[in-house]
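Residue-level structural notes
Residues per chain, in single letters:
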Amino acid sequence: MTELEDQAWRGFLYAHDRIWREVEAGLAPLGVSMAEYSVLALLGEAGRDGMRMSELAKRRVMSTGGFTRLADRLERRGLIERRRSADDGRGFEAVLTRDGRALLRKAWKQQHGDLRRLFFDRLDEDDLSNLATVWARLAIEDDGAPS
């Protein structure tokens, strides 16, 4: 690697690790892990109809088994409910429960404050635009090739 490549790569790893850890620490008093929060957030974005379990697993980039265990934990805690799909009756959809929505509102507020402090307030519009361009360039399409 060139010196610039090394700085860019190490900087990304350091920033990701530091921000991840601090956001995770902010969520800990709410009793929710980053993995659990990400599922609750996806379901919050999906609305009252929820999302198919298979789509949640895909968007979380988890194995089916790992995701099923995570969903089991959330369901036992009363944060999500699984329902047979109304569309075809074969699959299952996950929806937030009232308790899940309440926890998500608290977690969103906490996470957004942490992201503002750790990330957004340290960057200007040009920085954010450049990062958005970089992330889009590095996005992996379904066929595994960069977009």
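Residues numbered from 1 in each chain as written. Predicted model: local features only at pLDDT ≥ 70, side-chain atom pairs only at ≥ 80, totals over all residues. Heavy atoms only, no water.

Ranked by internal contacts, the top residues of the largest apolar core, which has 28 residues, are Leu 40, Leu 43, Leu 56, Phe 67 and Ile 80. Of all the elements in the fold, those that place two or more residues in this core are helix H1 (3-27), helix H2 (34-46), helix H3 (53-60), helix H4 (64-76), strand E3 (92-96) and helix H5 (98-118). At 7 residues, the largest contribution of residues to this core is made by H2. Among all residues touching Leu 40, those that are not within four sequence positions of it are Val 32, Leu 74, Leu 79, Ile 80, Leu 96, Leu 103 and Leu 104. (Core = buried A, V, L, I, M, F, W, Y, C linked by side-chain atoms within 4.5 Å. Buried < 20%, exposed > 50% of the residue type's maximum accessible area, 1.4 Å probe, protein only. Helix = DSSP H or I, 4+ residues; strand = E, 2+ residues; numbered from the N terminus. Contact = heavy atoms within 4.5 Å.)

Moving on, we get to the pattern of salt bridges. One pass over the full model with this rule turns up 11 salt bridges. In this structure, Arg 117 engages Glu 22 in a salt bridge whose closest nitrogen and oxygen atoms are separated by 3.3 Å. One end of the pair, Arg 117, is in helix H5; the other, Glu 22, is in helix H1, with 95 residues separating them in the sequence. Using a relative accessible area of 43% as the deciding quantity, one classes Arg 117 as partly exposed. Salt-bridge contacts for Arg 77 lead to Glu 36; the nearest nitrogen and oxygen are separated by 3.2 Å. Of this pair, Arg 77 sits in the loop between H4 and strand E2 (80-84) while Glu 36 is found in helix H2, placing the two residues 41 residues apart along the sequence. Taken together, the salt bridges that share partners define one network made up of Arg 18, Glu 22, Asp 114 and Arg 117. (Salt bridge = Lys/Arg side-chain N within 4 Å of Asp/Glu carboxyl O.)

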